[in-house]
Amino acid sequence: MKSEEARLLPVVEWGGREFLVDVASRQFRNVNDAGDSVDMHSPQGRRMVRQMQNTEWHTFAVDAHGQAGATV
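Attention in this report is confined to the structure presented alongside it. In this text, all values refer to a predicted model and were calculated from it rather than measured experimentally.

Within the secondary structure, Phe19 is located in strand S2 (residues 17–22). We classify Phe19 as buried; its relative accessible area is 0%. C-alpha of Phe19 to C-alpha of Ala61: the two residues are 42 residues apart in sequence and 9.8 Å apart in space. Setting aside its immediate chain neighbours within four residues, Phe19 contacts Pro10, Val11, Val12, Trp14, Phe28, Arg29, Asn30, Val31, Asp36, Val38 and Met48.

Here it is as structure tokens:
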């Protein structure tokens, strides 16, 4: 997949915030604040992963991360 392509990513709610689950980048990225991301290997990211185990994701969002002027 080209890096400039939009992707469909699962959305999870954690700590009152919604995060895109970007497995390829190993990050949780806040849906409403592109500057707010959590590395999956950080202590907070590991806690998030543990708490999300055995859950199903039913909500997805189009990720246009890094695309200037992207429209959905």
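It is worth spelling out the nonpolar core at this point. If you look at the biggest cluster of nonpolar residues, it comprises nine residues: Val12, Trp14, Phe19, Val21, Phe28, Val38, Met40, Met48 and Met52. Only strand S1 (7–14), S2 and helix H1 (43–52) provide two or more residues apiece to this core. Those residues in contact with Met48, other than ones at most four positions away along the chain, are Trp14, Phe19, Phe28 and Val38.

Regular strands place their side chains on alternate faces of the sheet. Looking at chain direction, S1 and S2 are connected through four bridges and run antiparallel. When the sheet's bridge partners are listed, Glu13 is paired in S2 with Glu18. The antiparallel pairing of S1 with S2 creates a hairpin that spans two residues between the two strands, and Gly15 there sits at a positive phi of about 60°. Summarising the sheet, S2 and strand S3 (residues 27–30) pair through four bridges and their orientation is antiparallel. Note that in S3 the partner of Asp22 across the bridge is Gln27.

It is possible for side chains bearing opposite charge to pair when their charged atoms get close. Across all of its chains, the model carries five salt bridges by this definition. Of the charged contacts in the structure, one is a salt bridge between Asp36 and Arg17, with a shortest N-O distance of 2.8 Å. Linking Asp36 in the loop between S3 and strand S4 (37–39) with Arg17 in strand S2, this pair joins segments that are 19 residues apart in sequence. Overall, the relative accessible area of 17% leaves Asp36 in the buried class. Residues Asp63 and Arg29 are paired through a salt bridge, measuring 2.5 Å at the closest nitrogen-oxygen approach. One end of the pair, Asp63, is in strand S5 (residues 60–63); the other, Arg29, is in strand S3, and 34 residues separate them in sequence. Of the residues examined, Asp63 reaches a relative accessible area of 5% and is grouped as buried. We classify Arg29 as buried; its relative accessible area is 4%. Members of the salt-bridge network, linked through shared partners, are Arg7, Asp22, Arg29 and Asp63.

What counts as what
- Residues numbered from 1 in each chain as written.
- Predicted model: local features only at pLDDT ≥ 70, side-chain atom pairs only at ≥ 80, totals over all residues.
- Heavy atoms only, no water.
- Helix = DSSP H or I, 4+ residues; strand = E, 2+ residues; numbered from the N terminus.
- Buried < 20%, exposed > 50% of the residue type's maximum accessible area, 1.4 Å probe, protein only.
- Contact = heavy atoms within 4.5 Å.
- Core = buried A, V, L, I, M, F, W, Y, C linked by side-chain atoms within 4.5 Å.
- Pairing = 2+ DSSP bridges.
- Salt bridge = Lys/Arg side-chain N within 4 Å of Asp/Glu carboxyl O.

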